[in-house]
Amino acid sequence: LTTSDGKKMGKSMGGAVWLNEDLLSPYDYWQYWRNTADADVIRFLRLFTELPDDRIDELAKLKGQAINEAKEVLADETTRMLHGQECLSPIKETAKQLFSAEGGGTSDDATLPTVELPAAELGDGVPVVDLFLKLEFAKSKSEVRRLIKGGGARINDEKVADE
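In this text, all values refer to a predicted model and were calculated from it rather than measured experimentally. Each residue is numbered by its place in its chain's sequence as written, counting from 1. Selection of residues for local features in this predicted model requires a pLDDT of at least 70, selection of side-chain atom pairs for listing and counting requires 80 or more, and totals for whole chains, interfaces and linings are taken over all residues. Water and hydrogen atoms play no part in the side-chain values, which are based on all heavy atoms of the structure.

A. Inspection of the overall build of the protein at higher detail. Per the secondary structure count, the protein includes 8 helices and 2 strands. Element order for the protein, N to C, with α for helix and β for strand: α-α-α-α-α-α-α-α-β-β. Within the span of the protein, comprising 163 residues, buried residues form 33% of the whole. Total accessible area computed for the protein in this model is approximately 10600 Å², and 50% of it derives from carbon and sulfur atoms. Here a strand is any run of E in DSSP of at least two residues, a helix any run of H or I of at least four, and the numbering for each starts at the N terminus. Three exposure classes are used, based on accessible area relative to the maximum for each residue type with a 1.4 Å probe and protein chains only: buried under 20%, partly exposed in between, and exposed over 50%. The method behind every accessible area is Shrake-Rupley, applied with a 1.4 Å probe, and residues are considered shielded solely by the protein chains displayed.

Written as structure tokens, this is what we have:
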């Protein structure tokens, strides 16, 4: 399958979309579908959900910022089909806490993926670049450096300024 810009979906274009929640959390699965490109949303609703055509046709009328409603429906439906209805409330609350103005940009919700390292592995400290590689947040040191330079690296909600 390809996206509207001709790129293959899946592991070669941004990580595998695992169906096993031990390999990809329900939250990350939901986020994968929520972050679908605008041009792909309606096609993906038809391919990957069981929504009636008339509901998808209604969503197809949404334009601009309103297309986000269709993206949430896509994320909700695909996640519900795989992981069940009960996981949607905590996922949506976490997303609200993280990404909305009313949420304040922080979350204590346990639905977020976490990684733990034994204190012994950290010793007297670990360079951020090495830590991000060890945690598999990036595939190379140069990728971590680009992430830091672009302002996208954070530890405990604090932006990482240098390596």
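B. Fine view of the environment of Thr94. Within the secondary structure, Thr94 sits in helix H5 (residues 88-99). When its relative accessible area of 0% is taken as the criterion, Thr94 is described as buried. In the structure, Thr94 is positioned 67 residues away from Tyr27 in sequence and 8.5 Å away in space, judged by C-alpha atoms.

C. Just the packing of aromatic side chains, in detail. Only the six-membered ring of Trp is used, alongside the rings of Phe and Tyr, when aromatic pairs are assigned; centres must lie within 6.5 Å, and planes under 30 degrees apart are stacked while those over 60 apart are edge-to-face, with the rest tilted. Applying the stated criterion across every chain yields a total of 5 aromatic pairs. Seen in terms of ring centroids, Trp33 and Phe44 are 6.1 Å apart; in terms of plane orientation they differ by 90 degrees. Their pairing is edge-to-face. Here the residue Trp33 occupies a position in helix H1 (residues 26-34), and Phe44 occupies one in helix H2 (residues 41-48), the gap between them amounting to 11 residues. Like Phe44, Trp33 is buried. What links up through ring pairs into an aromatic cluster is the set Tyr29, Tyr32, Trp33, Phe44 and Phe48.

D. Layout of the pattern of salt bridges. Salt bridge, as used here, is a side-chain nitrogen of Lys or Arg placed within 4 Å of a carboxyl oxygen of Asp or Glu. One pass over the full model with this rule turns up 10 salt bridges. Note that Asp40 and Arg43 form a salt bridge whose closest N and O atoms lie 3.7 Å from each other. In this structure Arg43 comes out as partly exposed when scored by relative accessible area, which is 34%. Of the charged contacts, one joins Lys92 and Glu72 as a salt bridge, the two residues approaching to 3.6 Å between their closest N and O atoms. Of this pair, Lys92 sits in helix H5 while Glu72 is found in helix H4 (residues 67-83), placing the two residues 20 residues apart along the sequence.

E. Spatial organisation of the side chain of Thr78. Within the secondary structure layout, Thr78 lies in helix H4. There is a polar contact of 2.8 Å between the side chain of Thr78 and the backbone oxygen of Leu74. Whether two residues are in contact is decided by their heavy atoms, any of which lying within 4.5 Å being enough. Here Thr78 is in contact with Tyr29, Trp33, Phe48 and Thr49, once residues within four sequence places are set aside. Each polar contact in these results corresponds to two N or O atoms within 3.5 Å; when the atoms are within protein, one needs to be able to donate a hydrogen and the other to accept it, and residues that are neighboring in sequence are counted only if both atoms are side-chain atoms.

F. Region of interest: H1. Most of H1 sits out of view: 7 of its 9 residues are buried. Those residues of H1 that sit buried are Pro26, Tyr27, Tyr29, Trp30, Gln31, Trp33 and Arg34.

G. Spotlight on the nonpolar core. For our purposes a nonpolar core is just a set of buried Ala, Val, Leu, Ile, Met, Phe, Trp, Tyr and Cys residues, chained together by side-chain atoms within 4.5 Å. The biggest cluster of nonpolar side chains holds 23 residues, and the ones touching the most others in it are Trp30, Trp33, Ile42, Leu45, Leu51, Leu59 and Ala70. Elements with a contribution of two residues or more to this core: H1, H2, helix H3 (53-60), H4 and H5. Each residue touching Ala70, except ones within four places of it in the same chain, is listed here: Val41, Leu45, Leu59 and Leu62. By size, the runner-up hydrophobic cluster in this structure holds 8 residues, among which are Phe132, Ala138, Ile148 and Val160.

H. Quick peek at H2. Taken together, the buried positions of H2 are occupied by Val41, Ile42, Phe44 and Leu45. Buried residues in H2, looked at end-on, bunch into an arc of 165 degrees, giving them a common side. The secondary structure elements touched by the buried residues of H2 are H1, H3 and H4. Summarising the geometry, the arc corresponds to the directions from the helix axis toward the C-beta atoms.

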